[in-house]
Amino acid sequence: MTHRTTRLRPTPRDTEGTTDRERHDRFGALPERIRPEDMVETRPATAPDPARDRYHADEWLVRYCG
């Protein structure tokens, strides 16, 4: 079995049926610009856990040393 590759440059046969107007309609304009701010989504890595945040590490100082 042989390996097939695609042509990188168009040949005259590829473009002979299209007019300049058709080519311009298809390839003549760049897509709409996307701002970098719109490409990034920020959200917390984990959901907040109220049960975890209830414990205070220094609470024993108040209870036993006060």
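About the thresholds
Residues numbered from 1 in each chain as written. Predicted model: local features only at pLDDT ≥ 70, side-chain atom pairs only at ≥ 80, totals over all residues. Heavy atoms only, no water. Helix = DSSP H or I, 4+ residues; strand = E, 2+ residues; numbered from the N terminus. Buried < 20%, exposed > 50% of the residue type's maximum accessible area, 1.4 Å probe, protein only. Areas by Shrake-Rupley, 256 points an atom, 1.4 Å probe, with all protein chains shown as cover. Patch = residues over 30% accessible without salt bridge, like charges linked within 9 Å, V, L, I, M, F, W, Y side chains within 5 Å. Salt bridge = Lys/Arg side-chain N within 4 Å of Asp/Glu carboxyl O.

Participant: What should I look at first to understand the overall build of the chain in this one?
Facilitator: Tallying secondary structure elements over the chain gives four helices and zero strands in all. Reading the secondary structure of the chain in the N-to-C direction produces α-α-α-α. Across the 66 residues in the chain, those meeting the buried criterion constitute 0%. Taken as a whole, the chain presents about 7800 Å² of accessible surface, with 54% of it coming from carbon and sulfur.

Participant: Honestly, a nonpolar patch on the surface in this entry has me stumped. Any pointers?
Facilitator: A contiguous nonpolar patch, built from Trp60, Leu61, Val62 and Tyr64 and spanning about 500 Å² of accessible area, is present on the exposed surface. As for its placement among the helices and strands, Trp60 is situated in helix α4 (residues 59–64).

Participant: Honestly, the pattern of salt bridges in this entry has me stumped. Any pointers?
Facilitator: Side chains bearing opposite charge may pair, as long as their charged atoms lie close to each other. Evaluation of the coordinates by the stated rule reveals five salt bridges. The residue Asp38 makes a salt bridge to Arg35 at a minimum N-O spacing of 3.1 Å. Overall, Arg35 belongs to the partly exposed group, its relative accessible area being 43%. Of the charged contacts in the structure, one is a salt bridge between Glu41 and Arg43, with a shortest N-O distance of 3.5 Å.

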